[in-house]
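Reading the structure
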2 protein chains.
Amino acid sequence: MHQNAAAENNSRKSDARLESERAILTAAESVFAEFGFKGATTALIAERAGLPKANLHYYFPTKESLYRRVVDRIFRIWLEAARSFDDCDDPAQAISRYVAKKMEISRDYPNGSKIWASEIMMGGPVMQDYLETTLREWTQSRIDIIDRWIAEGRVRAINGRYLLYLIWAATQHYADFGHQIATLNGGEPLDDAQFCDAQDTLIGIILRGIGINQSG
Amino acid sequence: MHQNAAAENNSRKSDARLESERAILTAAESVFAEFGFKGATTALIAERAGLPKANLHYYFPTKESLYRRVVDRIFRIWLEAARSFDDCDDPAQAISRYVAKKMEISRDYPNGSKIWASEIMMGGPVMQDYLETTLREWTQSRIDIIDRWIAEGRVRAINGRYLLYLIWAATQHYADFGHQIATLNGGEPLDDAQFCDAQDTLIGIILRGIGINQSG
DNA sequence: TATCCCTCTGACCAAATGGTCAAGTTTTTG
DNA sequence: CAAAAACTTGACCATTTGGTCAGAGGGATA
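First, a word on what this report is: a plain description of the structure on this page. (Residues numbered from 1 in each chain as written. Chains lettered and ligands numbered in written order. Predicted model: local features only at pLDDT ≥ 70, side-chain atom pairs only at ≥ 80, totals over all residues. Heavy atoms only, no water.)

**Regarding the interface of chain B and chain A**
On the side of chain A, 55 residues touch chain B, which itself brings 55 residues to the contact. Overall, the association of chain B and chain A removes approximately 4,700 Å² of surface from exposure, summing both partners, and the carbon and sulfur fraction of that is 66%. Linking chain B with chain A are zero salt bridges. In this structure, the connection of chain B to chain A is made through 16 residue pairs in polar contact (both at pLDDT 80 or more). Elements that contribute at least two residues to the side of chain B that touches chain A include exactly helix H2 (15-39), helix H7 (110-121), helix H8 (128-151), helix H9 (160-176), helix H10 (178-183) and helix H11 (192-209) of chain B. The biggest single contributor to the side of chain B that touches chain A is H9 of chain B, with twelve residues. Taken together, the residues of the side of chain B that touches chain A break down into 27 nonpolar, 18 polar and ten charged. (Contact = heavy atoms within 4.5 Å. Buried area = accessible area lost by both parts, 1.4 Å probe. Salt bridge = Lys/Arg side-chain N within 4 Å of Asp/Glu carboxyl O. Polar contact = N/O pair within 3.5 Å; in protein donor to acceptor, adjacent residues only side chain to side chain. Helix = DSSP H or I, 4+ residues; strand = E, 2+ residues; numbered from the N terminus. Nonpolar A, V, L, I, M, F, W, Y, C, P; charged D, E, K, R; others polar.)

Shown next as C-alpha cells:
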C-alpha cells in the first residue's frame, strides 16, 4: 500500500502497529475511566482491544506506561480547548466559545475527562508536573485576561479564578457524571437537543452572571 | 460509665464496637476516595484504622459491605443538604443557602464527594437504586419549584434541570478536584477567606445568571 | 472461680493480577 | 530466497489481595 509512506512519517511505525496501539489505547481509556488506575486490569484492556494480554505487554511494557500515554492524550485535548479562549478578545464570545468547546469535549471524550478526574482524586501521581507548570501558567494568564476585561468595565467585578473553576466543573460534569445525568433522563444519555439546551443554559447563566447582557 | 445507656440506644452496640466501626469507616472513606472501590485494599483500610485486617473483617465481613456503609453515609449527608432547598420560598435565599450548604459539605466531607463521583464513574453499581428513586424524585420536585418561580416571574426563564446540574458540578468540584485547586493555589488548600470568596463568587454568578438582582 | 459471650489476631488459602518467556509466525530486507 | 527483524501467544511465575479460621484474651454474670 502506498499509504505506507504517510504512516512512516510517524516514527517509522507500521500501519499494523499503529492500529494495534490505537485499539489498545481506546480500550485502556474505557477501562481506566471505569475502574481507575489500580482497578483497571491489563487482561480486561487486552480483551476489549481484542488481543492477548501478552501482546498488549509487547506494545506497552507496563500498565503505568500505558496509563501515561492515555493521560498524555487527554492533556493534549484539554490544551486544544484551552486555545479557544485566545481566538477572540470579546469576553462574551471568548467565554461562550470556550464553554461550548469544553462541552463538546465532554460529549466526545467522556472517558478522558473521567480519567483526568480520577487522576486528580488520586492526588495527581502522573499529571502533577502538568498541573504545576502548563496548567498553572495557562490559568494565571486567563485570570489576567479576565482582570483586564473587568478593568475595562466589560465584565462585572468577579474573581476570575473561581469563574474558571465554575466553567471547568460545569462542563466536565456532563462527562464525569454522564451516568447520573442519563439515569435522571430516563436511562438515556442526553440527545442532541437536550445537550444543546444544557449548553445554552450554561452559557446563558455564566454570561449574565458575569454581567454581560446577551442580545437575542 | 453512665454514658453506656446512651450508647445502648443504638442497637445495643457497645462503646468499643462503635469506636472501632467509626475508625474503620473513617479510614475506609479516605482509602475508597483515593483509590476507588477496586483499588482500595482492606489491608490499607485496616492499617489506617489502626487494627489488624482480620479484625476489620470481624466488623465488616466483606469489602463490599463496608463500601455500602460508606456510600450510605454519603447519601444521608447529601439528603441533609437537599433539605436546605425547602426551608424558604424566596428563590434568592433558597438557592444561595443550598449552594452555600453544598460548598460546606465539599469542604467538610471531601472524601464522601469523591466516593460519590467514583461510584457514578463506575456506573453506580451500589447507588443505582438511589439514583432512580430518591434522587430522581428530589430532582423533579426541585425542577417544579424552579418552574413555578419562572411562571411567577421571579426567575428568568431557564431550564431548571441544568441549573441544578450546574450547582452540583460547581460545588462538588471543590471536593473532587481539591488537589488540583490546591496545586493552583501554591500547593495549599484554599484558606477560609479564599473559600468564602469562591462561595460568594459562585452564588453571585448563579443568582445574576438566573435573573435575580442582588442587593448589596 | 467457672462459664459464656464478645472481641481480637497471626497464620493461612485460593483467586486474581502484572509481567515474563520461549517458541512460534509473519513481515521486511538484503 | 534466506536471514533478520518484528510480531503473536499460550504457559508460566511471583506477588497481592479478599477472606477464613482456630485459638487466644477479657470482661461480665452466676
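**Things to note about the protein's contact with DNA strand D**
In the vicinity of DNA strand D, 15 residues are found, and the nearest of them are Arg17, Ala54 and Tyr58 of chain A together with Lys53 and Lys63 of chain B. Sugar plus phosphate: this is where 57% of the atoms of DNA strand D within 4 Å of the protein reside. Here a phosphate oxygen of DNA strand D and a side-chain polar atom of Lys38 of chain A are 3.1 Å apart. For DNA strand D, a phosphate oxygen lies 2.5 Å from a polar atom in the backbone of Lys63 of chain B. Mapped onto the surface near DNA strand D, the elements with two or more residues apiece are helix H2 (15-39) and helix H4 (53-59) of chain A together with helix H4 (53-59) of chain B. Top contributing element to the surface near DNA strand D by residue count: H4 of chain A, with four residues. A breakdown of the residues in the surface near DNA strand D according to their chemical character gives six nonpolar, five polar and four charged. (Near = heavy atom within 4 Å.)

**Focus: helix H6 (residues 91-108) of chain A**
Residue and element names in this part refer to chain A. Relative to the 26 Å expected for 18 residues at 1.5 Å per residue, H6 spans 25 Å between its end C-alpha atoms, a close match to the ideal helical length. Restricting attention to buried positions, one finds in H6 the residues Pro91, Ala94, Ile95, Ser96, Tyr98, Val99, Ala100, Lys102, Met103, Ile105 and Ser106. Close packing links the buried residues of H6 with helix H5 (63-83), helix H7 (110-121), helix H8 (128-151), helix H9 (160-176) and helix H11 (192-209). (Expected span 1.5 Å × (residues − 1). Buried < 20%, exposed > 50% of the residue type's maximum accessible area, 1.4 Å probe, protein only.)

**Considerations on the packing of aromatic side chains**
Inspection of every chain in the model, using the stated rule, returns 38 aromatic pairs over all chains. Taking the centre distance of 6.2 Å and the plane angle of 70° together, the rings of Tyr165 of chain A and Tyr174 of chain B count as edge-to-face. In this pair, Tyr165 of chain A sits in helix H9 while Tyr174 of chain B sits in helix H9, so the two residues belong to two different chains. For the pair Tyr165 of chain A and Tyr174 of chain B, one class covers both residues: buried. Pairing Phe75 of chain B with Trp116 of chain B gives two aromatic rings, centres 5.9 Å apart and planes at 5°, and the pair type is stacked. (Phe/Tyr/Trp six-rings, centres within 6.5 Å; stacked < 30°, edge-to-face > 60°.)

Geometric values such as these leave the question of function open.
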